[in-house]
Amino acid sequence: SGNILCVCPWDLNGDGEVSGADLGVMLALWGECVNQPCPPDFNGDGFVDGGDLGLLLGYWGFCPEP
């Protein structure tokens, strides 16, 4: 029905892996989230910061199959 299961929210560019490209997206949006949605704000605190970076690095590598 058009719903998409997001099994890898840390894959910010949608290429199937968490890598340097996703880190680049995160760094480009670093700081306070002024627009919503704010995909790199993984912990939902309104900021893209070190807490979110830790989560991104924790899931580094290929995304699991849905």
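Residues numbered from 1 in each chain as written. Predicted model: local features only at pLDDT ≥ 70, side-chain atom pairs only at ≥ 80, totals over all residues. Heavy atoms only, no water.

(A) Examining the packing of aromatic side chains more closely. All told, the structure shown has two aromatic pairs when counted by the stated rule. Considering the side-chain rings of Trp-10 and Phe-42, the 6.5 Å spacing of their centres and the 55 degrees angle between planes classify their relative orientation as tilted. With Trp-10 in the segment before strand S1 (17-18) and Phe-42 in the loop between strand S2 (31-32) and strand S3 (47-48), this residue pair connects regions lying 32 residues apart in the sequence. For the pair Trp-10 and Phe-42, a shared accessibility class is recorded, and that class is buried. Considering the side-chain rings of Trp-10 and Tyr-59, the 3.7 Å spacing of their centres and the 10 degrees angle between planes classify their relative orientation as stacked. A residue pair is termed long-range when its members are at least 10 positions apart, and Trp-10 in the segment before S1 and Tyr-59 in the loop between helix H2 (50-58) and strand S4 (61-62) qualify at 49 residues. An aromatic cluster is defined as three or more aromatic residues linked by ring pairs; in this entry it consists of Trp-10, Phe-42 and Tyr-59. (Phe/Tyr/Trp six-rings, centres within 6.5 Å; stacked < 30°, edge-to-face > 60°. Helix = DSSP H or I, 4+ residues; strand = E, 2+ residues; numbered from the N terminus. Buried < 20%, exposed > 50% of the residue type's maximum accessible area, 1.4 Å probe, protein only.)

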